[in-house]
Amino acid sequence: MVDVCNIQVMKPLLEQYGFRFSKAKGQNFLIAPWVPESIAREAGVDDTAGVLEIGPGIGSLTQQLCLRAEKVCAVELDSRLKPILGQTVGEFHNLELLWGDVLKLDIPALVRERFRGLRPMACANLPYYITSPILTALLEADCFESVTVMVQKEVAQRIAAAPGTADYSAFTIFCQYYAQPRLLFDVSAHCFLPQPKVTSSVIQLQVRTSRNWNVPDEALFFRVVRAGFAMRRKKLSNGLASGFPELGKQGAADVIAACDLGENVRGETLSIPQFASIAREIAARKPR
């Protein structure tokens, strides 16, 4: 197996095929072997798992996933990596490489077809510039047991944040609505080539098997959440009145009172059950 995390192996391999790192694609390859090993281990990958990997790069995490999983499907956008991956992971018969944009794939269909009878998981070292869209796609697909990803540390902290903290956001609620986050470990910049300007973190999102918040309309729920954070430093009533013009200021105040919340409450302090309560109250006030 090619030691792709060894910089003395990686650099000649990249030079052999004239590969140049793309800033636009956010390419930073791992040169610390403990990182992909730890990601695969902490993700719980074993021979009962089918793993979707996003952006294998030159295959450092791919190798570790293939050593453990029954089946790995790796989706890569950069076709320049074809000959390199042929050398670094071509020996694995449990690997299927898919070339293209993961955001254009029917992820649930892929999981059904490739991972039948297996525990479906997603793992990735995500490019910083496209972290949110990919995580959104993976969670909305609602077909994984867990999603374990390496992201910018600030993003990981935002995903795992608690109500009322500076990192708490609409994206926090989106992620925690679908899954329970667990921060695993940090990865410093010197573990990559080229070195990014930020620290990374690995976070696992354990997808919820049930969401017992009595949300009758998810689209309405997330509309409420967005309204709650649209005017972060102002009262929730202002955000609701703006996000739901049909309520008006008085209607927004009435909704908040009906949910037993204080008139000066701010959206950034509310939990998922509280946002769900507001969504139910707004739904109940809609004309039949």
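Residues numbered from 1 in each chain as written. Predicted model: local features only at pLDDT ≥ 70, side-chain atom pairs only at ≥ 80, totals over all residues. Heavy atoms only, no water.

(A) Fine view of the packing of helix α6 (residues 131-141) against helix α8 (residues 170-178). It is the contact of α6 with α8, at a shortest axis distance of 10 Å, that shows an interaxial angle of 30°. One element, α6, and the other, α8, form an angle in the roughly parallel class. When you trace α6 past α8, the crossing you get is left-handed. When α6 is examined against α8, the residues Ser132, Leu135, Thr136, Leu139 and Glu140 are found in contact with a partner set consisting of Phe171, Phe174, Cys175 and Tyr178. Considering only residue class, the contact of α6 with α8 consists of 6 nonpolar, 2 polar and 1 charged. (Axes fitted to C-alpha atoms, helices over the stretch in contact; angles between N-to-C directions. Helix = DSSP H or I, 4+ residues; strand = E, 2+ residues; numbered from the N terminus. Parallel < 35°, antiparallel > 145°, perpendicular 65-115°, else oblique. Left-handed = near helix turned anticlockwise from the far one by under 90°. Contact = heavy atoms within 4.5 Å. Nonpolar A, V, L, I, M, F, W, Y, C, P; charged D, E, K, R; others polar.)

(B) Just the sheet that holds strand β5 (residues 119-125), in detail. The strand order across the open sheet built from 7 strands is β4-β3-β2-β5-β6-β9-β7, with neighbouring strands paired in mixed fashion. In this open sheet, the two edge strands, each paired with only one partner strand, are β4 (95-99) and β7 (179-187). Mean inter-strand twist for the sheet, computed between neighbouring axes without regard to direction, equals 20°. The pairing of β7 with strand β9 (residues 200-207) spans 8 bridges and is antiparallel. Among the inter-strand pairings, Ala179 is bridged to a residue of β9, identified as Val207. Packing against the sheet, helix α2 (residues 34-42) makes contact with β6 (146-152), β7 and β9, and its axis sits at approximately 160° to β7. Its contacts with the sheet put helix α5 (residues 107-114) on β2 (49-54), β3 (71-76), β4 and β5, and the angle it makes with β4 is roughly 155°. (Pairing = 2+ DSSP bridges.)

(C) Molecular detail of the layout of surface pockets. Of the volumes computed, that of the largest pocket is approximately 780 Å³. As for the largest pocket, its lining consists of 37 residues, of which Lys25, Gly26, Gln27, Asn28 and Pro127 are closest to the centre. Only β1 (29-30), β2, α3 (60-68) and β3 provide two or more residues apiece to the lining of the largest pocket. Looking at side-chain class alone, the lining of the largest pocket contains 21 nonpolar, 10 polar and 6 charged residues. (1 Å grid on protein atoms, 1.4 Å probe; cavity = no way out; pocket = protein on both sides within 12 Å on 5 of 7 lines; lining within 4 Å. Points joined across faces, edges and corners; volume = space filled by probe spheres on them.)

(D) Molecular detail of the nonpolar core. Leu52, Phe144, Phe221, Leu240 and Ile278 are the most contacted members of the largest nonpolar core, which totals 67 residues. The greatest single-element share of this core, amounting to 7 residues, is contributed by helix α9 (residues 218-230). Ile278 has contacts with Val224, Leu236, Leu240, Val255, Cys259, Leu261 and Leu270, leaving out every residue within four places of it along the chain. Met10, Ala49, Cys66 and Leu95 belong to the second-largest nonpolar core, a separate cluster that totals 38 residues. (Core = buried A, V, L, I, M, F, W, Y, C linked by side-chain atoms within 4.5 Å. Buried < 20%, exposed > 50% of the residue type's maximum accessible area, 1.4 Å probe, protein only.)

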